[in-house]
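Architecture at a glance
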Amino acid sequence: MARPRGRIGRLPGLRVLLAAGLGLWLSGCSSMAYYGHLIKGQTEVLAARTPIAEVVADPDTDATLRAWLQRVDQARGFAVAQLALPESGSYRSYVELDRRYVLWNVFAAPEFSMQAYQWCNWLYGCFAYRGYYRHTLAQREAERLDAQGMDTHIGGVPAYSTLGWFDDPLLWSMMYWDDDTLIETLFHELAHERLFLKGDTAFNESYASFVGEEGLRQWAASRGLPPPSAAVQRQRRNAFVALVEDARQQLEALYSRPLSIDAMRSRKAELIEALRARYRRLRDTEWEGWGGYDHWFEAPINNAKLLTIGLYHQWVPAFAALFAEVDEDWSAFHAAVEALADAPPEERRNRLEQLAGQQSGARAPR
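The rules behind each value
Each chain has its residues counted from 1, following the order in which its sequence is written. The predicted origin of the model limits local features to residues at a pLDDT of at least 70 and limits the giving and counting of side-chain atom pairs to 80 or more, whereas totals for whole chains, interfaces and linings rest on all residues. In computing side-chain values, all of the structure's heavy atoms are included and hydrogens and water are not. Residues belong to one nonpolar core when they are buried, are Ala, Val, Leu, Ile, Met, Phe, Trp, Tyr or Cys, and are joined through side-chain atoms within 4.5 Å. Only protein chains enter the accessibility calculation, which uses a 1.4 Å probe; a residue is then buried when its area is under 20% of its type maximum, exposed when over 50%, and partly exposed in between. A contact between two residues is defined here by any heavy atoms of the two lying within 4.5 Å. Should DSSP find at least two bridges between two strands, the strands are taken to pair. Labels follow the DSSP assignment, with helices taken as runs of H or I lasting at least four residues and strands as runs of E lasting at least two, numbered in each case from the N terminus. Axes here refer to lines fitted to C-alpha atoms; in helices the fit is confined to the stretch in contact. Angles between the N-to-C directions go from 0 to 180 degrees. Each angle receives one of four descriptions, namely roughly parallel if under 35 degrees, roughly antiparallel if over 145, roughly perpendicular if within 65 to 115, and oblique otherwise. Three classes are used, and their members are as follows: Ala, Val, Leu, Ile, Met, Phe, Trp, Tyr, Cys and Pro are nonpolar, Asp, Glu, Lys and Arg are charged, and the others, Gly among them, are polar. The aromatic pairing rule takes the rings of Phe, Tyr and Trp, using the six-membered ring of Trp, and pairs them if the centres are within 6.5 Å, calling planes under 30 degrees apart stacked, those over 60 edge-to-face and the rest tilted.

**Some thoughts on the nonpolar core**
- Trp68, Leu69, Leu170, Phe187, Phe203, Phe319 and Phe333 are the most contacted members of the largest nonpolar core, which totals 73 residues.
- When sequence neighbours within four positions are dropped, the list of residues in contact with Leu170 reads Ile52, Trp68, Leu69, Val72, Tyr91, Ser93, Tyr94 and Val95.
- If you look at the next biggest cluster of nonpolar residues, it comprises 24 residues, including Ala247, Ile272, Leu275 and Trp296.

Right, dumping it as structure tokens:
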């Protein structure tokens with residue numbers, strides 16, 4: 001596959017990253033080093049962008065890459081015209097770098113708590129994860145938190161959004177996916193550009209996840225594509241999330257009990273093994289041997305890893321109910337979500353819980 005090269009104009013948002021880094025000058029060397037690495041990593045990505053039109057027109061471009069970029073470009077137009085997502089310069093260029101992922105996220109939680117560790121900054125607020133452009137730096141941060149007795153997890157990131165600060169490119173790491181995952185992720189990341197609530201990771205990710213899932217369904221229907229594969233994939237993912245959510249609830253109940261540390265650790269390990277056993281039964285019976293989540297369950301599982309699932313899906317049913325409330329009108333839906341984002345935190349959570357309760361007894365939007 002030919003590797004397209006080139007740049008697109010200036011880096012208009014670089015001053016924002018510079019301000020973020022310099023503004024933390026008095027916070028200590030570790031903060032300066034982290035934000036300096038962010039500036040370097042983001043600059044590398046932006047400097048490698050090539051317009052999709054140029055890549056497609058290049059006779060040396062691999063035919064698979066050309067067709068992939070053309071499909072994404074069509075989905076980008078659908079997102080604007082049909083899903084009321086932003087008309088911006090994002091995902092109109094392509095980047096290919098020599099590594100498996102563009103970023104690695106570090107997640108953490110106390111050994112006996114399901115409350116996510118938070119990383120905070122003045123620009124975006126608090127996040128339940130911290131991203132690194134170099135895997136070695138992510139490992140170093142995880143080791144630092146491990147030494148404090150925290151559960152940690154590192155997850156590779158094939159795509160991300162800079163929330164409108166930059167014209168984000170399509171990334172080579174997204175090509176490993178099937179078309180459904182690719183299009184769903186595109187809609188997910190554009191939703192982040194449309195709305196981002198400072199300091200509420202679960203709200204942001206659940207909103208974007210719903211937009212991605214429902215947007216994908218509508219995209220497939222608009223092109224006359226058969227829905228079964230997407231429907232089956234969604235059902236399996238929902239079952240996976242339900243398994244993890246149930247395990248989290250059991251662990252939360254465990255951590256509230258007055259047990260010794262050794263007893264708590266032993267019971268925690270038993271609950272995690274029970275989760276693995278439940279997955280294997282589901283895989284071997286209802287899923288007829290389909291093992292798409294084998295790798296997730298075979299790798300180490302701890303509080304931090306379990307939290308990554310809840311962060312992205314916690315309020316998806318609530319947003320599905322809200323979408324139905326506005327008669328599946330995307331502009332009205334985004335406006336309703338913006339109103340939720342403007343509400344006080346307690347009021348917002350109460351409303352989300354109410355919506356999620358409605359959705360539990362209702363059909364998903366069609």
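**Regarding the sheet that holds strand β7 (residues 150–157)**
- Taken together, 3 strands build an open sheet; the order of strands is β6-β3-β7 and the sheet is antiparallel. For this open sheet the edge positions go to β6 (130–132) and β7, each flanked by a neighbour on one side alone. In this sheet, adjacent strand axes meet at a mean angle of 25 degrees when their direction is disregarded.
- In the sheet, strand β3 (residues 103–110) pairs with β7 via 8 bridges, with the strands oriented antiparallel. Directly across from Ala108, in β7, lies its bridge partner Thr152.
- Helix α5 (residues 135–146) contacts β3, β6 and β7 of the sheet and is inclined by roughly 165 degrees relative to β7.

**Quick notes on the packing of helix α7 (residues 201–222) against helix α13 (residues 330–342)**
- Interhelical geometry of α7 versus α13 gives an angle of 170 degrees and a closest axis separation of 12 Å. What the angle tells us is that α7 and α13 run roughly antiparallel. The residues of α13 that touch α7, namely those facing Phe203, Tyr207, Phe210, Val211, Glu214, Gly215 and Gln218, are Trp330, Phe333, His334, Val337, Leu340 and Ala341.
- The class makeup of the residues in the contact of α7 with α13 is 9 nonpolar, 3 polar and 1 charged.

**Section: the packing of aromatic side chains**
- Enumeration over the complete set of coordinates arrives at 31 aromatic pairs.
- Measuring from centroid to centroid gives 5.5 Å for Phe78 and Trp219, while their planes differ by 75 degrees, and the two rings are edge-to-face. Residue Phe78 is located in helix α4 (residues 63–83), and its partner Trp219 is located in helix α7; the two are separated by 141 residues in the primary sequence.
- Relative accessible area serves as the criterion here: at 11%, Phe78 is assigned to the buried category.

**Topic: the environment of Glu189**
- When you line up the elements, Glu189 lands in helix α6 (residues 179–194).
- Apart from the residues within four sequence positions on either side, Glu189 is in contact with Tyr91, Ala159, Tyr160 and Ser161.

**A closer look at the sheet that holds strand β1 (residues 50–51)**
- Taken in spatial order, the 3 strands make up an open sheet running β1-β2-β8, and their pairing is mixed. Edge positions in the open sheet fall to β1 and β8 (170–171), since each of these has one partner strand only.

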